[in-house]
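The residues making up each chain are set out below.
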Amino acid sequence: MTSSITKRIVLAIAAGACTLAVSGAGASAQSFPTQPLRIVVPLAPGGPIDLVTRAMAEHLSAALKQPVVVENRPGAAGNIGAEAVVKSAPDGHTLLATLGTSLSVNPHVYAKMPIDPLRDLKPVLNMASTSQMLVVHPSVPVNSLAEFIAFAKKEPISYAHAGHGSPGHLAMEYFRLETGLPVMAPVPYRGNAPLVTDLIGGQVKVGFVATAGVVQHVRTGRLKGFAVSSKERSGLAPDIPTVAESGYPDFNFLTYFILLAPSGTPEETLATLEREARKALVTDDLRKKFAQQDVTILGTGAKETAALIKSEYDLWKNVAKDANMKID
């Protein structure tokens with residue numbers, strides 16, 4: 001009798017322990033978030049990725065019932081902010097919202113990379129994308145993309161970009177290689193605003209610039225717009241053809257806005273972030289709002305985003321080598 005009672009007690013204790021273990025694991029998985037979230041944007045405030053991230057953060061905060069703070073940490077084409085996130089605790093409370101080019105291009109351009117994006121970061125969501133437009137000053141005696149390419153093959157020409165590793169820098173080097181143009185001298189600026197000012201003034205003659213930043217100047221005739229970098233025409237400038245439809249069908253350059261977490265973040269937490277971030281971002285209101293800025297809201301999931309980063313990484317390995325794009 002005593003043995004039977006003892007056996008039942010042991011079994012009851014064991015069953016209780018298992019129940020506690022299972023409920024404890026469930027509670028742990030469901031407890032995220034336990035504190036405010038921080039999203040690091042490694043660029044200056046006010047740009048398209050900053051605005052998209054802040055709009056998403058507002059809705060995400062309401063869904064997760066925690067404050068979501070956006071922190072700008074610009075520098076080194078996104079490397080400074082990315083390093084800060086990689087060094088944070090992998091618990092989902094610190095995230096990175098960065099340009100896809102920072103992940104796919106920087107490792108092939110910077111001689112000293114503080115992180116390995118493929119190893120140290122886990123994609124959560126591809127938030128959005130935007131295009132670039134090839135523009136030239138009206139003094140350049142050409143009126144189409146084909147005429148510009150022919151002109152640039154005969155005449156030495158320099159181009160403006162908003163800093164080494166910026167989308168305009170990368171788009172032009174990719175374009176140059178695809179079209180067979182000779183080496184063109186880059187003129188770096190600190191951001192798009194002074195670059196556009198000098199393009200309009202004629203101090204520089206050509207550049208790939210964010211479509212939203214130059215479309216009004218093309219409409220007024222202060223600049224000529226010859227092509228957009230995306231596969232499809234921009235809703236802001238439907239009369240401007242794409243590079244792809246102008247004779248270079250493989251050309252496609254988009255700037256992606258990607259949300260990531262440090263590697264080691266629990267899968268349950270990543271799944272929660274992906275689900276809630278997509279709900280926060282993919283709304284009719286935000287789609288309409290950002291379409292006016294040539295930003296296409298995507299909300300692509302983690303698996304597809306990881307495949308995109310890897311394919312872009314492989315592409316830019318070759319482009320960076322061919323264009324001799326190196327930064328010490």
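Worth saying up front: this structure is predicted, and the values here are computed from it rather than measured.

Draft legend 1. Molecular detail of unusual backbone geometry. The peptide bond linking Phe32 to Pro33 adopts the cis configuration, its omega dihedral lying at -5°. Inspection of the secondary structure puts Pro33 in the loop between helix H1 (2-30) and strand S1 (37-41). Positioned with a positive phi, Lys65 is a non-glycine residue whose angle comes to about 60°. Take Lys65: its relative accessible area is 71%, and that puts it in the exposed class. Of note in this structure, Ala77 is not a glycine but carries a positive phi near 55°. Mapped onto the fold, Ala77 is located in the loop between strand S2 (68-72) and helix H3 (79-86).

Draft legend 2. Here's a closer look at the pairing of strand S11 (residues 295-300). Residues Val295, Ile297 and Gly299 line the buried face of S11, whereas the alternating positions Thr296, Leu298 and Thr300 sit on a face that is not buried. When strand S4 (residues 121-130) meets S11, the two strands line up antiparallel, connected through four bridges. Residue Thr130 lies in a different strand from S11, and its bridge partner there is Val295.

Draft legend 3. Structural detail: the confidence of the model for the protein. Averaged over the protein, the pLDDT score is 90; the fraction of residues at 70 or greater is 91%. Taken together, the stretch residues 1-29 has pLDDT below 50 and engages in one contact with residues farther than four places along the chain or on a different chain.

Draft legend 4. Structural context of the packing of aromatic side chains. This model, assessed by the stated rule, comprises five aromatic pairs. Measuring from ring centre to ring centre gives 6.1 Å for Phe175 and Phe251, while their planes differ by 90°; the resulting arrangement is edge-to-face. Placement of the pair is Phe175 in helix H8 (residues 167-179) and Phe251 in the loop between strand S9 (224-228) and strand S10 (255-262), with a sequence separation of 76 residues. With respect to burial, Phe175 and Phe251 carry one shared label: buried. Aromatic side chains Phe253 and Trp316 sit 6.0 Å apart centroid to centroid with 85° between the ring planes, which places their arrangement in the edge-to-face category. One end of the pair, Phe253, is in the loop between S9 and S10; the other, Trp316, is in helix H13 (residues 302-322), and 63 residues separate them in sequence. Per residue, the accessibility class of Phe253 equals that of Trp316, and both read buried. One aromatic cluster is present, formed by Tyr174, Phe175, Phe208, Phe251, Phe253 and Trp316 through successive ring pairs.

Draft legend 5. Quick peek at the pairing of S10. Burial of S10 is extensive: eight of the eight residues sit out of reach of the surface. Both strand S3 (residues 94-99) and S10 contribute to a ladder of four bridges, which runs antiparallel. Bridge pairing in S10 places Thr98 opposite Ile258. Direction of pairing for S4 relative to S10: antiparallel, over a ladder of eight bridges. Note on S10: the bridge partner recorded for Ser129 is Tyr256.

Draft legend 6. Main features of the pattern of salt bridges. Going through the model one piece at a time under the given rule, you end up with 11 salt bridges. Close ionic contact of Lys87 with Glu83 constitutes a salt bridge, the shortest N to O distance being 3.0 Å. Overall, the relative accessible area of 26% leaves Glu83 in the partly exposed class. With a shortest N-O distance of 2.7 Å, Arg119 and Asp120 are connected by a salt bridge. One connected set of salt bridges, linked through shared partners, spans Arg38, Glu71 and Arg73.

Draft legend 7. Expanded view of the environment of Gly225. Along the chain, Gly225 falls in strand S9. Along the primary structure Gly225 and Pro138 are separated by 87 residues, whereas in three dimensions their C-alpha atoms are 9.8 Å apart. Among residues more than four places away in sequence, those in contact with Gly225 are Met133, Leu134, Val135, Val218 and Ile240.

Calculation notes
- Residues numbered from 1 in each chain as written.
- Predicted model: local features only at pLDDT ≥ 70, side-chain atom pairs only at ≥ 80, totals over all residues.
- Heavy atoms only, no water.
- Helix = DSSP H or I, 4+ residues; strand = E, 2+ residues; numbered from the N terminus.
- Buried < 20%, exposed > 50% of the residue type's maximum accessible area, 1.4 Å probe, protein only.
- Pairing = 2+ DSSP bridges.
- pLDDT = per-residue confidence, 0-100.
- Contact = heavy atoms within 4.5 Å.
- Phe/Tyr/Trp six-rings, centres within 6.5 Å; stacked < 30°, edge-to-face > 60°.
- Salt bridge = Lys/Arg side-chain N within 4 Å of Asp/Glu carboxyl O.

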